[in-house]
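Tertiary structure, described
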Number of protein chains: 2
Amino acid sequence: MITNKNCIIRLSRYKNALYRLRDLGFVKVFSDNLADAIGVTASQVRKDFSLFGITGNRKGGYEIASLLEKLGGILGKDRIERVIIAGAGHLAYALMHYRGFEKEGIKIEAAFDIDPLKFAKNAQIPVLPMEEMKDFVVSNNIKVGVLAVPEVGAQRAADTMFAAGIKGILNFAPLRLKAPNDCAINNVNLEIELENLVYFVNVLEKKG
Amino acid sequence: MITNKNCIIRLSRYKNALYRLRDLGFVKVFSDNLADAIGVTASQVRKDFSLFGITGNRKGGYEIASLLEKLGGILGKDRIERVIIAGAGHLAYALMHYRGFEKEGIKIEAAFDIDPLKFAKNAQIPVLPMEEMKDFVVSNNIKVGVLAVPEVGAQRAADTMFAAGIKGILNFAPLRLKAPNDCAINNVNLEIELENLVYFVNVLEKKG
DNA sequence: ACTTTATTGTGATTTAATTCACAATAAATT
DNA sequence: AATTTATTGTGAATTAAATCACAATAAAGT
């Protein structure tokens, strides 16, 4: 079982690039096309595929349709992925309205909050009380959630999610969540991303 | 000049942890406290510091105040970092209202859009026409921007930003931007983050 | 049928990142 | 003042990731 995060991210990128190529009418692709598309070397592409037992045709490259199928299978995205959001603030709202998820087979099923003013049981994506999360998650068999609450309530909301049966959290709160070790956490920390950018902008400035 | 992205990200995390410790009243810290706080090894912490010439006191650990100063200097965040946003949709709105930036010394100065319905020249954070970006960026000497427009307009908006003098972009659009090579791009791709999470949730499920 | 050409697949090699291990040493203790 | 103890700082060793290099080979051309 390969658990190199960068490698898995590359698989996602290959998949995205392949969708584009397919939509342009392409049927086959070579390792160096894919490499150019996502900005790596051709041998990196082949090595990644090799690691997961994906093979193409010598001289003939890879068939896009079959590659997409294999990548979907590996990434566990061969069906629609249903997710919930903890928190119904501005970020949650932005995510609920983000059009990019649909075409990736990601569906946000509901958001949960503690503030009764936010509740909207009959909205297209309902906003429900936190206490209803467990029932919802269990009956809809949901495994993945987004944590989009302010820092102060974040660990508590995460614990609610774990108790409900969520096994993976995409965490936007700027702290390190404590999690059971059968659960996965991916952090998106915007402050750190911006700070990182500032560093590299300064580095480039000094260089040039 | 160290350009290992993970290492720089760790420096930011150390800094965050140090703020917390300081706010709790701590004055000194040992490498293994920091290591625990951000989830790495103590020698990783010391090695990272050593790489940047940060030294502590043998037997005495590191003084938090001085560490914070040094980290701020390295990360180029010794002053307030002013940024703009391209796009004034839901995500931009969420970012403009995000309280976490202020305490990190990040200030969003303005957003820019092509849709006149979005304009709000006198709002606390003004929303201005794209054409005014260059003037604004030049006269405010801004170097960093967030790209929060839909995929179709993303490269165009990025080009506008580069033309205005922006040198670093935090990109939320799910594509690989073409950029001048004196400019830095950090990508935040939510689809990929979620897909990645799905993979690791599946891995953990098979393991357990 | 034979030759050339283009591309894969992967073992070997290189490079980069992390961890180990311990000398150096400053503070605390006796 | 000598001894013990705790911690840093870093070179050496290890591990992990990326790249190289080329044999294998399928298709195309002659």
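Residues numbered from 1 in each chain as written. Chains lettered and ligands numbered in written order. Predicted model: local features only at pLDDT ≥ 70, side-chain atom pairs only at ≥ 80, totals over all residues. Heavy atoms only, no water.

1. Remarks on the domain arrangement of chain A
To keep it simple, the criterion reads: The split of the chain into domains comes from an automatic or database domain assignment.
Taken as a whole, chain A is organised into domain 1 (5–75) and domain 2 (81–192). For domain 1 of chain A versus domain 2 of chain A, the distance between C-alpha centres works out to 31 Å.

2. Things to note about the pattern of salt bridges
Stated formally: Salt bridge, as used here: a side-chain nitrogen of Lys or Arg that lies within 4 Å of a carboxyl oxygen of Asp or Glu. Working definition: helices are DSSP H or I runs of at least four residues, strands are E runs of at least two. Numbering for both runs from the N terminus. Relative accessibility thresholds used throughout: buried, under 20% of the residue-type maximum; exposed, over 50%; partly exposed, between the two (1.4 Å probe, protein chains only).
What the rule picks out here adds up to 27 salt bridges over all chains. Measuring nitrogen to oxygen at the nearest pair gives 2.9 Å for the salt bridge that ties K15 of chain B to E195 of chain A. Remark: E195 of chain A occurs in helix α9 (residues 190–207) and K15 of chain B occurs in helix α1 (residues 5–23); the pair is interchain, linking two chains. Accessibility classification places K15 of chain B together with E195 of chain A in one group, the buried group. The structure contains a network of salt bridges with shared partners spanning K15, K77 and E104 of chain A together with E195 of chain B.

3. Structural notes on the relation of the copies chain A and chain B
Here is the rule we go by: The least-squares superposition of copies is restricted to C-alpha atoms, and to residues with a pLDDT of at least 70 in both copies.
If you rotate chain A by 180° and push it 0.0 Å along the axis, it lands on chain B with an RMSD of 0.1 Å. What the rotation and shift describe, once combined, is the action of a two-fold rotation axis.

4. Observations concerning the protein's contact with DNA strand C
Stated precisely, the cut-off is as follows: The rule for a residue being near a molecule or strand is that one of its heavy atoms must lie within 4 Å of it. Whenever two N or O atoms come within 3.5 Å, that pair is a polar contact, provided that in protein one can donate a hydrogen and the other can accept it, and provided that, for residues adjacent in sequence, both atoms are side-chain atoms. Ten residues, namely Ala, Val, Leu, Ile, Met, Phe, Trp, Tyr, Cys and Pro, are considered nonpolar, four, namely Asp, Glu, Lys and Arg, are considered charged, and the remaining ones, Gly among them, are considered polar.
Lining the immediate environment of DNA strand C, one finds 21 residues, of which S31, R46, G56, R58 and K59 of chain A sit closest. Near the protein, within 4 Å, the atoms of DNA strand C are sugar or phosphate in 62% of cases. R10 of chain B is positioned such that a nitrogen or oxygen atom in its side chain is 3.1 Å from a phosphate oxygen of DNA strand C. Q44 of chain B places a side-chain nitrogen or oxygen 3.5 Å from a phosphate oxygen of DNA strand C. When residues in the surface near DNA strand C are grouped by element, the largest group, four residues, is from helix α3 (residues 42–51) of chain B. Tallied by class, residues from the surface near DNA strand C come to two nonpolar, ten polar and nine charged.

5. Observations regarding the interface of chain A and chain B
Condition: Two residues form a contact once any of their heavy atoms are found within 4.5 Å. Here the quantity called buried area is the accessible surface, traced with a 1.4 Å probe, that two parts lose on coming together, added over both.
Of the residues lining the interface, 72 residues belong to chain A; the matching set on chain B comes to 70 residues. With both chains or domains summed, chain A and chain B bury close to 6000 Å², and 67% of this area falls on carbon and sulfur atoms. For the pair chain A and chain B, the number of links is seven salt bridges. Applying the counting rule to chain A against chain B returns 18 residue pairs in polar contact (both at pLDDT 80 or more). Residue composition of the side of chain A that touches chain B, by class: 38 nonpolar, 15 polar and 19 charged.

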